Every structure is written in C-alpha cells, then in structure tokens.
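Chain residues, written in single-letter form:
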Amino acid sequence: MSVSTAAAARTTCHDIAGPLPVLGRDVTVPLVTGGEVAYAALDYAASAPALQRVWDDVAAYAPYYGSVHRGAGYLSQLSTDLFENARRTVAEFLDCRPDDQLVFTRSTTDSLNLLAAALPADCQVFVFETEHHASLLPWKDARVTYLDAPRTPRQAVATLESALAGRDPQGPALVCVTGASNVTGELWPVRELAAAAHAHGARIVLDAAQLAPHHPVSVRDLDVDWVAFSGHKLYAPFGSGVLAGRADWLRTAEPYLAGGGASRKVTRRQDGGVDVEWHESAARHEAGSPNVIGAYSIASACKALTEAGFGTLVAREQYLVEKVRTGLAEVPEVRILSLFGDDAPRVGVISFVVDGWNSSHFAAALSAEYGIGVRDGLFCAHPLVRTLLGSDPQSQGECGAPEAAPGEKSLNAIRVSFGAGTPDEHVDRFVTAVRELVSEGAKWRYRTEDGRCVPAV
C-alpha cells in the first residue's frame, strides 16, 4: 500500500485549522479495562455529530416554535418565514438553478424514494451496483439496469456510456450515482457521468449524502438534474433531508404523500367523491406539518460550513485522511478496501479488513478497550462490499458477523470515518489502537449477543 509523499508533504504544514465545535466532544465513556476516556466518534459516515452552532441556532428558535403556513399568529408567521428562508439558504448552498425546486424530506433515502415515485411512465433507470441501498433500491417500479462495479473513474464513464447507447432513445431515462462512496470514500466522476447521461438524453440524480458534508456541491457546475442528501450527515440533527432539482417531473407526479399542505383545493362531487387540485410548488410533496426545526438545522449547517470555508475544511480532512492511511499502511495485516486505487481522491471514509480478525470483533474491541466508535458490517452497500472482499479469507475470531450462518465465512469490514469536527487526538488514538490490537490482541474476551459482538461479563 502506498501513500503519495507529495500529498503527505502538502498536509504536514502547521497552519491546518482545528476542528469545528460539535456536540458530544466532551462526552466520556467507560472502558472494560477500567476508567473512562473521551469518546472518539469516528462513525461520521453513518451520522455526524451536530455542530454546536446548529444546536445553538435551534435552541434560540425553540421558544418561537409555531405552526407553519396559513397561521395568522405572530409565531406561525415567524416559523413560516424561517422554514421558507431555510429553503432559500439550502438552495444557495447547492447553487441551484433559478427554476429548480427544493423539497424538504426525511433523509436521502426518503428523497430518492420521492423521486422514484415521480418518474415518468416507462422510465429506465441506470444505477451502479456500488451504490448505497438508498440509491440502489428505490427504483423497483422502473426498468432498472444495474451496472457492474468499475475499477477506475474512466471505466465508470465508459460503462455508463455503453449502457446508455443501447437504451430506447425515445423513452425517459435516469442515471443515479453517488458523489462519494460510503464504503471507500472515493470521489466519483460526477461531472463526466452527467455529461454522458445528457449526451444520451438521460437525466441524472446525485446521491450527495457523503459528498455534501466534505466538499462543495454545485448543481450547476456538476450539471446534475437532482441532488439528494441528509441533514444527519451534514452536522444537523436527525429527521431531515433534501431533494433539489428539476421541477417538471416533480410538478406532474402524484403527490408523494396525500394530505393537507399538498392540496390547493378540495371539493365534493355530486357522486359523493372528492376532486383535488394539488400544488405545483414544492408543497406538492410536503404534505402534513413539516419538520421546521429539521429544515432550519440543515440551513444552519449549510451556513456554518460555508462560513468556515470548504477550502479550509477539505485541507484539514485530507491531512487526517493521510494520517489514517499512513498509519494503517504500517500494519501489514491491514488491507484498505478500494475501487479506484490508492491515489484516488477521497473523503474521510476508509474501510478495511484485518487478517486474523472478524471485523465485528475488531470494532467491538476498539469501542470497549479504547473508547472509539467505528462501524462494522456491509454498510448498507452489500453488493459493493462483497465485490471488494471477494473470496479473501477472514477468521471468525470470537464473534461472528450477524449475517454469517454458523460455519459460513463472514463477509464484513470495518469503517472509520471523520470530518469537520474530528480532533487529531481521535485519529491518533485510532491508529495506535489498530497497531496494539493487531500486535498484542484484545485485552478482553467477547461474545455474540443479539447479533452483535460485545464484551463478555
């Protein structure tokens, strides 16, 4: 495994900015070996901690909480303004086109299922097997073509072009692609894939769940038709997400949810039924009372990241990426998973396996003995992780993976992920812990309980 010395030289400077303040930075957790330690949250790819700035903004708004849209009272009007201003702030963050729509949803998964429900009849969807399940699975009612995992960015573009060249040119088509892999952290050639899609008359939606927290995302510059992401990966609390992009398919589709807010006019018919006139704006797909705090928290996070400067944030994250990759490269038993190779640009998401260890056992030991939170398993990207692991042998260790039957080879990996709120100490502790566990073994015994590897008592 090689790490670019030129890249390492770029990020050993002493003027790297410090981490942004996040909730939980002072939380301590007990160790099975005794004592407590500050918790090292290195599972950002699942859910990043909320920025302190976001929490403070939400707390300041909370006393003024009120119903939105159509309320005559002062707090209702204030909350409505807050909600719609949040929509404009997020649209600016994404550099949306003037006629784009931005719909607030529950998550990336919700956003992509909304878009799937809005596809025109007989739409064909093209999606790589490397996608997170949120972008791999929603297209069940469309004609889906699953594309094999590419091994270079250039091959990704060529694979898509070949598939699109064979499609029915008269029908609608959609390409779904991730911006940054939730397994390997590698950046995908989004702009080139968008160009290929448009050259063949198809549209493209970008799953930016792992990209938006780490890099600026410009709908116009990338030339994507839609973008989806989640608040809980963008340093905002749970329960909010965004789908932004072309309005036409959304405007003509049946509302994602039927109910108040989505309807402009409802009248009774003489036969006893009802006629409904639906909104054509984003409200069409936002039925019910919206998650105002969720929308506001996403907008607050967008402002905080913009003000911090993505140039500064990216530089610091790459410094941490290289520190982790260099540290893991010094442990021969560790193999980092990658589609595009060591030199591929990536965000702070790194998955790996350790010879002689089941990944569930290794992750449990990191938590129980070092106070480090990582993720193990297949990361809701089963086809990709299975492709990357192939038939490489892994020891069952003391704990097996939940999906492995007795005697079956366990296929799972360990993922460490970090971002704008990660202190250097957490990364240093992680690298040290990996070295010690590999060279000295676990200090505690572990067992499987309810499908999870836990310390034995």
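Keep in mind that this is a model prediction, so the values were computed, not measured.

Calculation notes
- Residues numbered from 1 in each chain as written.
- Predicted model: local features only at pLDDT ≥ 70, side-chain atom pairs only at ≥ 80, totals over all residues.
- Heavy atoms only, no water.
- 1 Å grid on protein atoms, 1.4 Å probe; cavity = no way out; pocket = protein on both sides within 12 Å on 5 of 7 lines; lining within 4 Å.
- Points joined across faces, edges and corners; volume = space filled by probe spheres on them.
- Nonpolar A, V, L, I, M, F, W, Y, C, P; charged D, E, K, R; others polar.
- Pairing = 2+ DSSP bridges.
- Helix = DSSP H or I, 4+ residues; strand = E, 2+ residues; numbered from the N terminus.
- Axes fitted to C-alpha atoms, helices over the stretch in contact; angles between N-to-C directions.
- Contact = heavy atoms within 4.5 Å.
- Parallel < 35°, antiparallel > 145°, perpendicular 65-115°, else oblique.
- Left-handed = near helix turned anticlockwise from the far one by under 90°.
- Core = buried A, V, L, I, M, F, W, Y, C linked by side-chain atoms within 4.5 Å.
- Buried < 20%, exposed > 50% of the residue type's maximum accessible area, 1.4 Å probe, protein only.
- Arc of directions from axis to C-beta.
- Phe/Tyr/Trp six-rings, centres within 6.5 Å; stacked < 30°, edge-to-face > 60°.

Asker: Can you walk me through empty space enclosed by the protein in this structure?
Answerer: To locate leftover empty space, one rolls a probe as large as a water molecule over the atoms. By the definition in use, this model includes one cavity of 30 Å³ or more. Empty space within the largest cavity amounts to approximately 30 Å³. A breakdown of the residues in the lining of the largest cavity according to their chemical character gives five nonpolar, two polar and one charged.

Asker: Honestly, the sheet that holds strand β10 (residues 241–245) in this entry has me stumped. Any pointers?
Answerer: By way of backbone hydrogen bonds, the strands of a sheet pair with one another, either parallel or antiparallel. Here seven strands make up an open sheet; going across it, the order is β4-β10-β9-β8-β7-β5-β6 and the pairing mixed. The open sheet is flanked by β4 (101–105) and β6 (143–147), the only strands paired with a single partner. On average, adjacent strands in this sheet sit at an angle of 20° to one another, irrespective of strand direction. Two elements, strand β5 (residues 124–128) and β6, share five bridges in a ladder whose sense is parallel. Its bridge partner being in β6, Phe126 is matched across the sheet by Thr145. Against the sheet, helix α3 (residues 74–93) contacts β4, β9 (226–230) and β10, and its axis sits at roughly 115° relative to β4. In this fold helix α6 (residues 153–165) packs onto β5, β6 and β7 (173–178), with an angle of close to 160° to the strand it touches most, β5.

Asker: Before we go on, may I ask you to explain the packing of α6 against helix α7 (residues 190–199) in this structure?
Answerer: The description of two packed helices rests on the angle between their axes and on the distance between the axes. Put simply, α6 and α7 touch, their axes get as near as 10 Å, and they point 15° apart. With respect to α7, the element α6 is oriented roughly parallel. Between α6 and α7 lies a crossing whose hand is right-handed. Residue-level inspection shows Ala156, Val157, Leu160, Glu161 and Leu164 of α6 in contact with α7, the latter providing Glu192, Leu193, Ala196 and Ala197.

Asker: Would you mind going over the nonpolar core with me for this structure?
Answerer: Considering soluble globular proteins, one finds that nonpolar side chains tend to be buried as a cluster. Val90 and Leu94 are the most contacted members of the largest nonpolar core, which has 84 residues in total. Among the elements that line this core, the one with the most residues is helix α10 (residues 292–308), at nine residues. Sequence-distant contacts of Val90, that is, excluding residues within four places in its chain, are made with Leu102, Phe104, Phe229, Val242, Ile298, Ala299 and Cys302. Counting residues in each nonpolar core, the second largest holds 34 residues, with Tyr319, Phe352, Phe362 and Leu437 among its members.

Asker: What exactly am I supposed to notice about the pairing of β10 here?
Answerer: Two faces belong to every sheet, and in a regular strand the side chains alternate between them. For β10, the tally of buried residues reaches five of five residues, placing the bulk of the element in the interior. Neither face of β10 is exposed, since Gly241, Leu243 and Gly245 on one face and Val242 and Ala244 on the opposite face are all buried. Pairing geometry for β4 and β10, over five bridges, is antiparallel. By the bridge assignment for β10, Val103 is matched with Leu243.

Asker: Is there a simple way to explain helix α2 (residues 52–61) in this structure?
Answerer: Side chains that are three or four residues apart share a direction in an α-helix, a result of its 3.6 residues per turn. Buried within α2 are the following residues: Val54, Val58 and Tyr61. Down the axis of α2, the sector holding all buried residues measures 60°, keeping them to one side. Packed against the buried residues of α2 are α3 and α10.

Asker: I tried to follow the packing of aromatic side chains on my own but got confused; where do I start?
Answerer: Between two aromatic rings, the relevant description is the distance of the centres plus the angle of the planes. Overall, the coordinates contain eleven aromatic pairs when judged by the stated rule. Ring centres 6.1 Å apart and planes at 45° place the aromatic pair Phe93 and Phe310 in the tilted group. Here Phe93 is found in helix α3, whereas its partner Phe310 is found in helix α11 (residues 310–329), with 217 residues between them in sequence. In this structure Phe93 comes out as buried when scored by relative accessible area, which is 12%. Taken together, a centroid distance of 5.1 Å and an interplanar angle of 35° make the contact between Trp226 and Trp249 tilted.

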